[in-house]
Amino acid sequence: MLALQYDRFGGPIEVRELPAPDVPAGAVRLKVTASGLCRSDWHAWAGHDTDVTLPHVPGHEFSGVVDAVGSGVERWRTGRRVTAPFVQGCGRCRWCLTGQAQVCPDQTQAGFTHAGSHAEYVIVHAADANLVAVGDDISDQVAASLGCRFATAFRALHGPGRVRAGEWVVVVGAGGVGLSAVMIAAAMGARPIAVDRSPAALAMAAAVGAEAVVTAGDRAAEEIAELTGGGAQVSVDAVGHPSTAELAIGVLRRQGRHVQIGLFDPASLPVLDWGRVIGWELQVNGSHGMSAADYPQLLDLISNGRLCPQELITRTVGLSEAASLLPRTDIAPPTGVTLIDPTRA
Ligand SMILES: [Zn+2]
Ligand SMILES: [Zn+2]
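Draft legend 1. Main features of the coordination of the zinc ion (ligand 2). Here the zinc ion (ligand 2) is held by Cys-90 (SG), Cys-93 (SG), Cys-96 (SG) and Cys-104 (SG), and the distances to it run 2.3 to 2.4 Å. One way to put it: the four donor atoms around the zinc ion (ligand 2) meet at angles of 104 to 115°, and that makes the site tetrahedral. Read N to C, the donor residues that coordinate the zinc ion (ligand 2) are spaced as C-x2-C-x2-C-x7-C. In this structure Cys-90 comes out as buried when scored by relative accessible area, which is 10%.

Draft legend 2. Geometry of helix α7 (residues 220-228). Within the span of α7, buried status applies to Ala-220, Ile-224 and Thr-228. Projected onto a plane normal to the axis of α7, the buried residues spread over an arc of 55° and lie on a single side. Those residues of α7 that are buried lie in contact with β8 (168-172), β9 (191-196), β10 (212-215), β11 (232-237), α8 (242-250) and β12 (252-260). Among the residues trailing α7, Gly-229 stands out with phi positive, at a value near 65°.

Draft legend 3. Representation of the coordination of the zinc ion (ligand 1) in the model. Donor atoms from the polypeptide that bind the zinc ion (ligand 1) are Cys-38 (SG), His-60 (NE2), Glu-61 (OE) and Cys-148 (SG), placed at 2.0 to 2.4 Å. Seen from the zinc ion (ligand 1), its four donor atoms lie at angles of 95 to 127°, and the figure they make is tetrahedral. Mapping the donors of the zinc ion (ligand 1) onto the primary sequence gives the spacing C-x21-H-E-x86-C. In this pair, His-60 is assigned in the loop between α1 (39-46) and β4 (62-69) and Cys-148 in helix α4 (residues 140-158), connecting sequence segments 88 residues apart. Per residue, the accessibility class of His-60 equals that of Cys-148, and both read buried.

Draft legend 4. Expanded view of the layout of surface pockets. The calculated volume of the second largest pocket comes to roughly 210 Å³. Ranked by residue count, the leading element in the lining of the second largest pocket is helix α3 (residues 127-130), at three residues. Here the lining of the second largest pocket is built from residues that sort into nine nonpolar, five polar and two charged.

Draft legend 5. Up close: the packing of aromatic side chains. Under the criterion given, the structure shown has zero aromatic pairs. Over the face of the ring belonging to Tyr-121 we find Arg-29, whose NZ or CZ atom lies 5.4 Å from the ring centre. Positioned above the aromatic ring of Tyr-121 is the side chain of Lys-31, whose terminal nitrogen or guanidinium carbon lies 5.3 Å from the ring centre.

Draft legend 6. Focus on the environment of Ser-243. By the element assignment, Ser-243 lies in helix α8. The class of Ser-243 is partly exposed, set by a relative accessible area of 43%. In the structure, Ser-243 is positioned 26 residues away from Leu-269 in sequence and 9.4 Å away in space, judged by C-alpha atoms. A distance of 2.8 Å separates polar atoms of two side chains, one belonging to Ser-243 and the other to His-241.

Draft legend 7. Structural detail: the pairing of β11. Most of β11 is tucked away, with six of its six residues classed as buried. Bridge count between β8 and β11: four bridges; the pairing is parallel. Paired with Val-172 across the bridge in β11 is Asp-237. Across five bridges, the pairing between β11 and β12 is parallel. Paired with Val-236 across the two strands is Val-259, which belongs to β12. In the classification by handedness, the crossover that spans β11, the intervening α8 and the parallel β12 is right-handed.

Draft legend 8. Local environment of the sheet that holds β9. Taken together, the six strands give an open sheet; going across it, the order is β10-β9-β8-β11-β12-β13, and neighbouring strands pair in parallel fashion. Taken across any chain shown, the strands that pair with only one partner, and hence form the sheet edges, are β10 and β13 (283-286). Direction aside, the axes of adjacent strands within the sheet are offset by 20° on average. Where β9 lies against β10, four bridges are found, and the strand directions are parallel. The residue bridging Ala-194 from the neighbouring strand is Val-213, located in β10.

Draft legend 9. Up close: the packing of α4 against helix α10 (residues 295-303). One way to put it is that α4 packs onto α10 with a least axis distance of 11 Å and a crossing angle of 110°. The angle between α4 and α10 falls in the class roughly perpendicular. Every residue of α10 that contacts α4 at Val-142, Leu-146, Gly-147, Phe-150, Ala-151, Phe-154 and His-158 is listed here: Tyr-295, Gln-297, Leu-298, Leu-299, Leu-301 and Ile-302.

Draft legend 10. Structural context of the packing of α4 against helix α5 (residues 176-187). In the contact formed by α4 and α5, the axes pass within 8 Å of each other and the chain directions differ by 50°. Regarding the angle of α4 to α5, the classification is oblique. Handedness of the crossing formed by α4 with α5: right-handed. On the side of α4, the interface is formed by Arg-149, Phe-150, Thr-152, Ala-153, Phe-154, Leu-157 and His-158, while α5 contributes Gly-176, Val-177, Ser-180, Ala-181, Met-183, Ile-184 and Ala-185.

Analysis parameters
- Residues numbered from 1 in each chain as written.
- Chains lettered and ligands numbered in written order.
- Predicted model: local features only at pLDDT ≥ 70, side-chain atom pairs only at ≥ 80, totals over all residues.
- Heavy atoms only, no water.
- Donors = N, O, S within 2.8 Å, 3.2 Å for Na, K, Ca; no water.
- Tetrahedral: all angles 85-135°; square planar, octahedral: opposite > 155°, others 65-115°.
- Buried < 20%, exposed > 50% of the residue type's maximum accessible area, 1.4 Å probe, protein only.
- Helix = DSSP H or I, 4+ residues; strand = E, 2+ residues; numbered from the N terminus.
- Arc of directions from axis to C-beta.
- Contact = heavy atoms within 4.5 Å.
- 1 Å grid on protein atoms, 1.4 Å probe; cavity = no way out; pocket = protein on both sides within 12 Å on 5 of 7 lines; lining within 4 Å.
- Points joined across faces, edges and corners; volume = space filled by probe spheres on them.
- Nonpolar A, V, L, I, M, F, W, Y, C, P; charged D, E, K, R; others polar.
- Phe/Tyr/Trp six-rings, centres within 6.5 Å; stacked < 30°, edge-to-face > 60°.
- Lys NZ or Arg CZ within 6 Å of the ring centre and 35° of its normal.
- Polar contact = N/O pair within 3.5 Å; in protein donor to acceptor, adjacent residues only side chain to side chain.
- Pairing = 2+ DSSP bridges.
- Right-handed = clockwise from strand over helix to strand, strands pointing away.
- Axes fitted to C-alpha atoms, helices over the stretch in contact; angles between N-to-C directions.
- Parallel < 35°, antiparallel > 145°, perpendicular 65-115°, else oblique.
- Left-handed = near helix turned anticlockwise from the far one by under 90°.

These figures come from the coordinates and say nothing about function on their own.
Have a look at this one:
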C-alpha cells in the first residue's frame, strides 16, 4: 500500500510502498477513502506524543470501507462504509461501557499508538465498540472530517461547554476545529466570536456563522469585552498555545466555562490566573474527542441539514502534497479542512 511514513521526529516525511497491515483479533482493516490532515499530526511528528513509536505512519481522522474483519468481531462485515472517533476505546472498561470511551485508560489511537490513515489501509481495534456506520446521505469526505475536529468541537460545546442558546462563545483559533466550533455554536443558537491572526480564517469563520470576528493581538481581549458586554459565557481554545489559552480564559465573565481542546507542547504550558479562577468561579475543562456512542446525535444533525461540515472542506490533496504540508500545519495551518486521498501519490 502507499503510505506516508517518517523515521524520526521532525525528520523527512516520505511516500512509501509498505505492506498492508494484518488484522488482529477484534479489529478491522479499512480501505481508507479519505483522511484528514490535522495539527495533531504535526504534534506527533514533532515528538510531543509519547505513544508514537518510529517509524510512524500518521493520520487519525478517516473514513473507509471495511476490507477485512478480525476474529471475534460481531457487528461488522466487509463492504460497510464507516468512520471512527480518533480515540478508540477498549470496549470493556467502566468508561467504555458507559459511553465515555474518549477517556478509556486502554484506548488505542490509529495514527498515534499504531499506524494511521495517511495510507491506503488502516487498522481500527475493538471494532465493535468504535466503528460508526456512515449512511448513504453522508459523503466519505464529510465522514473523514468528523473523526477528530468536528466531533471534538461538537462534544466540547454540548458536553463540558454546556452551551445554551443566546450565550457568547469565544473560539480562539479558526482552523479546522475552531471553524467547526463556530459552526456548531451558531447551530445551537449561541453567538460565536472567532479570534485568529489570519484574515482568511476570519472570513471563513464569518461565512460559517461567527457573529463577530476579532483579530488576534494586543487589543483582542478589549474588543471581546466590548462585544460581549463584559465577557463571554463560554470560551474554547482550539489552538493550544499559552497565549491562546490565556486569552480564552481571560475573556470569560464570572462563572464562565472554558473548554480546552487545542493540544499544548508539553514544554510550553499556559499560566492560569488562579485568583480569578477561584474568585470568579471559572470552570476550566478539558475535552478529548468524542466516543462512538455520541455519534448518532451528530450524524442526525448532519443528515437533516442542521450542520454542514462539507462547507469546511477546502481541498483534497495526494500523499506527496500532504507530506509537504504536514510539517507546516503549525506555522501555516490550513484554512478549513484539507483531506488526503491516500490512493494518490
Ligand atoms: Zn485531528
Ligand atoms: Zn475502555
